[in-house]
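# Topology and contacts: notes
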Amino acid sequence: IVGGPSIDLGYVNPFYDAKDTSFQASIYSRLDYRFGTSFLYGAGSPTAGSTYSERRSGTSIGFVRPVTTQWSVGISGKIEDVLTNNSGAAPLNSYIKQDGPIAVAGLAAIRNRRDIDVDASRGDYLKWNIEPGYSNINEVGGATADRNILGPHTFVRNTIELREYW
């Protein structure tokens, strides 16, 4: 079922061991709304005919350990199943349907030089994350009707997040 409520059961332990390692775990089933239009490029506001939704159900786990006063390293993992609604109301090319299971491992380096983490007014925060993953696409639709992408695939996602406070 794609519709319905979202639920998330999470646990966080900020002092998992004597080396100040933090631990987080989550089990979830979330409904994510997607929009087939863009506010930036003049397509107007989203309407019932230009939206669709995805249900992402899975689990995640992660550990972060400080190595200096400013630097930390993290390791994480996530396994989830993606189910997209068959949006008959949305235009055929306005959404991408790629259903199936996904597994992702993550490795992060984090530099935190903020004055106060919760409500920073000075400093910066830098996070570099590399996430190798595996997906097994078992159904496609919308703008991705090419059935050649069905089956197992691997990928690597790299992200850099930088926040400056002044």
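Residues numbered from 1 in each chain as written. Predicted model: local features only at pLDDT ≥ 70, side-chain atom pairs only at ≥ 80, totals over all residues. Heavy atoms only, no water.

## Regarding the overall build of the protein
A count of helical and extended segments in the protein gives zero helices and eight strands. Moving toward the C terminus, one meets the helices and strands of the protein in the order β-β-β-β-β-β-β-β. Expressed as a percentage of the 166 residues in the protein, the buried residues total 28%. Counted over contacts in the protein with a minimum sequence separation of 6, partners at least 24 positions apart contribute 57%. When the accessible surface of the protein is summed, it comes to about 10700 Å², and 60% of that surface belongs to carbon and sulfur atoms. (Helix = DSSP H or I, 4+ residues; strand = E, 2+ residues; numbered from the N terminus. Buried < 20%, exposed > 50% of the residue type's maximum accessible area, 1.4 Å probe, protein only. Contact = heavy atoms within 4.5 Å. Areas by Shrake-Rupley, 256 points an atom, 1.4 Å probe, with all protein chains shown as cover.)

## So, the environment of Ile7
Structurally, Ile7 is set in strand β1 (residues 7-13). For the pair Ile7 and Tyr28, spaced 21 residues apart in the sequence, the C-alpha separation amounts to 5.6 Å. Leaving out residues up to four positions away in the same chain, Ile7 has contacts with Ile27, Tyr28 and Ser29.

## As for the side chain of Ser26
Mapped onto the secondary structure, Ser26 falls in strand β2 (residues 22-35). Within the structure, the side chain of Ser26 is placed 2.7 Å from the side chain of Asp8, a separation counted as a polar contact. With residues near it in sequence (within four places) discarded, Ser26 still touches Asp8, Leu9, Gly10, Gly58, Thr59 and Ser60. (Polar contact = N/O pair within 3.5 Å; in protein donor to acceptor, adjacent residues only side chain to side chain.)

## What to know about the packing of aromatic side chains
One pass over the structure, following the stated rule, counts four aromatic pairs. Consider the rings of Tyr11 and Phe23, whose centres lie 6.0 Å apart with planes at 55 degrees: the pair is tilted. Of the two residues, Tyr11 sits in strand β1 while Phe23 sits in strand β2, which places them 12 residues apart along the sequence. For Tyr11, a relative accessible area of 45% puts it in the partly exposed group. Classification of Phe23 by relative accessible area gives buried; the value is 13%. In this structure, Arg30 packs its charged tip against the face of Tyr28, placed 3.9 Å from the ring centre. (Phe/Tyr/Trp six-rings, centres within 6.5 Å; stacked < 30°, edge-to-face > 60°. Lys NZ or Arg CZ within 6 Å of the ring centre and 35° of its normal.)

## What about the pattern of salt bridges?
Opposite charge on two side chains permits pairing when their charged atoms draw close. Applying the stated rule across the entire model yields 10 salt bridges. Among the salt bridges present, the one from Arg30 reaches Asp8, with a minimum N-O distance of 2.7 Å. Of the two residues, Arg30 sits in strand β2 while Asp8 sits in strand β1, which places them 22 residues apart along the sequence. Given the relative accessible area of 43%, Asp8 is considered partly exposed. Taking the shortest distance from any N to any O, the salt bridge between Glu54 and Arg56 comes out at 3.2 Å. Judged by relative accessible area, Glu54 falls into the buried class, the value being 8%. (Salt bridge = Lys/Arg side-chain N within 4 Å of Asp/Glu carboxyl O.)

## Quick look at the side chain of Asn112
With respect to the element layout, Asn112 can be found in strand β5 (residues 96-112). For Asn112, the side chain forms a polar contact with the side chain of Arg114, separated by 3.0 Å. In this structure the side chain of Asn112 is engaged in a polar contact, spanning 2.8 Å, whose partner is the side chain of Asp117. Apart from residues lying up to four places away in sequence, Asn112 is in contact with Gln70, Asp117, Asp124 and Tyr125.

## Let's talk about the environment of Val140
Mapping Val140 onto the fold places it in strand β7 (residues 139-142). Looking at Val140, the relative accessible area reads 11%, which means it is buried. Between the C-alpha atom of Val140 and that of Leu150, which follows or precedes it by 10 residues, the distance is 7.4 Å.

## Topic: unusual backbone geometry
Unusually for a residue other than glycine, Asp20 sits at a positive phi of about 60 degrees. Mapped onto the elements of the fold, Asp20 is located in the loop between β1 and β2.

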